[in-house]
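# Results of the structural survey
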Amino acid sequence: MIKLYLKPQKNPNNTAITNINNLAFGENCNAYNRYYKNKIKLCDTQSAYNNALIAYTNIHYLSCPPQIFAYPWQYFVYYHGSIHYVYNKSFSIFDNIALFFSALPLPCSPNLGAETQLLETLKNLLKTFSHLSKAEKLLYNYEEKYRTSFPLSQFFLFENTLCFWYFDNNTPKCIALTGTLMQSNFVYSWDIWKTAIPILKAIKTDNYIPRFVYSKSPNPYRMYVKIDEQIIAIKYNENTRTFNTFMPYPANLYILNNDIIQNNIPLLLKYDISHLFYHTECNLPLLETATVTDKLTRFLFRLTNGNYQNLIHLSILCANIASPEILTPKLFLITYHDTNSNVSIPEQFHQILKFTFNTEETDRVSKIFPNISKLVLKKSIPVLLNTLFYGTKFIILEKGSSSLSENQIKSLSQYIKGTKVTAKEPKIGSCSYRNLCPIICFSKSHKETVYLEQNFPCVKIDLNFIDNYEELETPHPEQNPEVYEWMKLYLPLYGLYLMGEKKFHKQPLPKKQIVTSLASKDSIVSEFLNICCTVAKNEFVYTDCLYDAYNFYYHSVHKSQPLNRAQFVKAVKQVPGLIYKRPHVSRTEPNKYAFTGIRLKPDWKSCIPTVIDRLSLEEEAFKKTLQKITTLLPDIPQ
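Below you will find a few notes about this structure. Note that the structure is a prediction, hence the values are computed from the model and not measured.

### Observations regarding the environment of Glu-288
Structurally, the position occupied by Glu-288 is in helix α11 (residues 284–288). The class for Glu-288 is exposed, based on a relative accessible area of 55%.

Quick look at the structure:
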């Protein structure tokens, strides 16, 4: 989760206060608020000084204030409890006020009343200024020079990266600042940015702006969905072992931006803001009707090869994509081989994920690198900084590797685990990136796959069974939006549920494969015999012919994997009245096995019923699994 962080002060016993939640806001080192308090104090002392300077100018009938008093920061310094002239710091001006004024020379009244008052207010002004931090002094000088406030509320820190608020078509957006971005005249001209850089470095060091940091949640198994401009949290409840829903705060970027502008920092302390960047857009009418259709079943069955492990790993991948945290610090390794299709598997798998998780707000759902070496380069860090704000949900490595340097292995491991990676930014100092997206790597080489599994923890999704991508019959999102509406919500929920059960209740991930029981296939044998065969006491049918007819019937009606020959013979032997033996019909050729008491109908093929787009038995079993997943969703608040 991403929460506002305030560096705690030390208490009188010189021990660090670390439990921020148990403290009043004022007990923390809040430089952001302190600056505004000091600014008010500076304004008061500045006002008193200006009044004293006007009085001095009027008493002596001067047309304008003397230059040294008009620009006091250039001519006076404060130390040892007094003010000193910069060109003669050896004695305090208060030691001999009359000598100071006559030496410059400046007009001086006999009783030194106006002069003393002017110097006293100058002393208070310089004293207040001397207590300021470097950032406060730079901010004050900026505002004095340009007679305008520095736009502090437009900046915040994410970890130690300087970020900036801007508006795009009246919509608040965030972006991580880099020298390259500033030099492109982003929002302000480069000349203005150059003036601001020293101030930005100082306020970054002194915590003068809100700082948001990532921290691991004790129960990270949650996702956020956006329905009708409203964000809803769906979180696994470890006590009830179900999902709960609630409305997170702040509801949108407008509210977060307003809270920062209005200095409502205490309000933000207890809230996680990750949902503002990591949420999945859902269409409520489609969501309400997103049932497990035959088209969805057939597509997922073919995508996973009916393999339960593939379904589980795909769900865990989707959960990591939908969640704002690294739930599975592993490399998602997808293995495949070249197909007869003109379209590559990595390209199409990426397209499926984009169809599922893409939002209406942005098309930056993914970040693609051609290989691992491009991702782990230090110069990639500034490129990755804005993945959070752009809404990037996963990173794709199009090609694996069978040879990496130690530094590359270390860097990729940091990205996989979500460890903070820091790089030096030439203009504004260090900037950090913490990867919160799952990394998907494709490999079509056995050597690459073995190498990656040896060097990184992996979750493997095997697509080697795909020979032709067109056979997957990928539904188009415009014609089949309900398919992707189901996938974007229920696959992540299933992954979150499995991971929550494993962590809190020590339930291991299921190991079984999805198969259709032989009992149901045995009943199809009886169905075939009743439709395509007839009882004939003194006749027989060769087993080979009967099995070929059974295969034809099975593929025509059930579109599934039939029993093998041995299983088929065993099932037919159970039918009363049938005898399995070798009829003696030849003295020169081997007599083949046959079933006596039965024969195939002369027109047995015409007896097979016409079936239109019916699911296979395996697909029916797979559909029941998907229907169970659908029950995980709690009631969505309206």
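Once you've had a look at it, read on.
### Remarks on helix α13 (residues 308–322)
Since the α-helix packs 3.6 residues into each turn, any two residues three or four apart lie on the same face. Taking 1.5 Å of rise per residue, 15 residues should cover 21 Å, and α13 covers 21 Å from first to last C-alpha, within 8% of that figure. α13 sits mainly inside the fold: 15 of its 15 residues count as buried. Between a side-chain oxygen at the N-terminus of α13 and the backbone nitrogen of Gln-309 the separation is 2.7 Å; the capping residue is Asn-307.

### So, the pairing of strand β10 (residues 242–246)
Note that strand β9 (residues 230–237) and β10 share 5 bridges and pair antiparallel. If you follow Tyr-236 over to β10, its bridge partner there is Phe-243. Linkage of β9 to β10, two consecutive antiparallel strands, is achieved through a turn of 4 residues, within which Arg-241 is found at a positive phi near 60°.

### What to know about the side chain of Ser-443
Mapped onto the secondary structure, Ser-443 falls in strand β17 (residues 439–443). Only 3.2 Å separates the side chain of Ser-443 from the backbone oxygen of Ser-445, close enough to count as a polar contact. When near neighbours in sequence (up to four residues on either side) are disregarded, Ser-443 contacts Leu-333, Ile-334, Thr-335, Tyr-336, Glu-448 and Thr-449.

### What about the sheet that holds strand β13 (residues 366–369)?
The sheet built from 5 strands is open, its strands ordered β13-β14-β17-β12-β18 with parallel pairing. In this open sheet, the two strands that pair with only one neighbour each are β13 and β18 (458–462). This sheet shows a mean twist of 25° between the axes of neighbouring strands, independent of strand direction. Both strand β12 (residues 331–335) and β17 contribute to a ladder of 4 bridges, which runs parallel. The residue bridging Phe-332 from the neighbouring strand is Ile-440, located in β17.

### Things to note about the pattern of salt bridges
By the definition in use, this model includes 14 salt bridges. Asp-272 is paired through a salt bridge with Arg-222; the nearest N and O atoms lie 2.9 Å apart. Highlighted residues: Asp-272 in the loop between α10 (265–268) and β11 (280–281) and Arg-222 in strand β8 (residues 222–227), separated in sequence by 50 residues. Across this residue pair, the class does not change: Asp-272 and Arg-222 are buried.

### Considerations on the nonpolar core
Ranked by internal contacts, the top residues of the largest apolar core, which has 64 residues, are Leu-300, Phe-349, Ile-440, Trp-486, Met-487 and Leu-489. The leading source of residues in this core is helix α20 (residues 481–505), at 12 residues. Not counting chain neighbours up to four residues away, the residues in contact with Trp-486 comprise Ala-290, Thr-291, Val-292, Leu-296, Leu-300, Leu-491, Leu-626, Ile-629 and Thr-630. Among the nonpolar cores identified, the runner-up in size contains 52 residues, and Leu-253, Leu-375, Ile-416 and Tyr-451 belong to it.

### Here we look at the packing of helix α12 (residues 294–304) against α13
Geometry of a packed helix pair, given as the angle between the helix axes and the separation of the axes. Contact geometry for α12 and α13: axes closest at 8 Å, N-to-C directions at 100°. Classified by the angle between their axes, α12 and α13 sit roughly perpendicular to one another. Of α13, the residues touching α12 (which contributes Leu-300, Leu-303 and Thr-304) are Asn-310, Leu-311 and Leu-314. Taken together, the residues that form the contact of α12 with α13 break down as 4 nonpolar, 2 polar and no charged.

### With respect to the sheet that holds strand β6 (residues 171–176)
The mixed open sheet is built from 5 strands, whose spatial order is β1-β7-β4-β5-β6. Sheet topology places β1 (2–5) and β6 at the edges, where each strand pairs with a single neighbour. Here the average twist between neighbouring strands, direction ignored, is 35°. Across 4 bridges, the pairing between strand β4 (residues 155–158) and strand β5 (residues 161–168) is antiparallel. Paired with Phe-158 across the bridge in β5 is Thr-161.

Each value, and the rule that gives it
Residues numbered from 1 in each chain as written. Predicted model: local features only at pLDDT ≥ 70, side-chain atom pairs only at ≥ 80, totals over all residues. Heavy atoms only, no water. Helix = DSSP H or I, 4+ residues; strand = E, 2+ residues; numbered from the N terminus. Buried < 20%, exposed > 50% of the residue type's maximum accessible area, 1.4 Å probe, protein only. Expected span 1.5 Å × (residues − 1). Polar contact = N/O pair within 3.5 Å; in protein donor to acceptor, adjacent residues only side chain to side chain. Pairing = 2+ DSSP bridges. Contact = heavy atoms within 4.5 Å. Axes fitted to C-alpha atoms, helices over the stretch in contact; angles between N-to-C directions. Salt bridge = Lys/Arg side-chain N within 4 Å of Asp/Glu carboxyl O. Core = buried A, V, L, I, M, F, W, Y, C linked by side-chain atoms within 4.5 Å. Parallel < 35°, antiparallel > 145°, perpendicular 65-115°, else oblique. Nonpolar A, V, L, I, M, F, W, Y, C, P; charged D, E, K, R; others polar.

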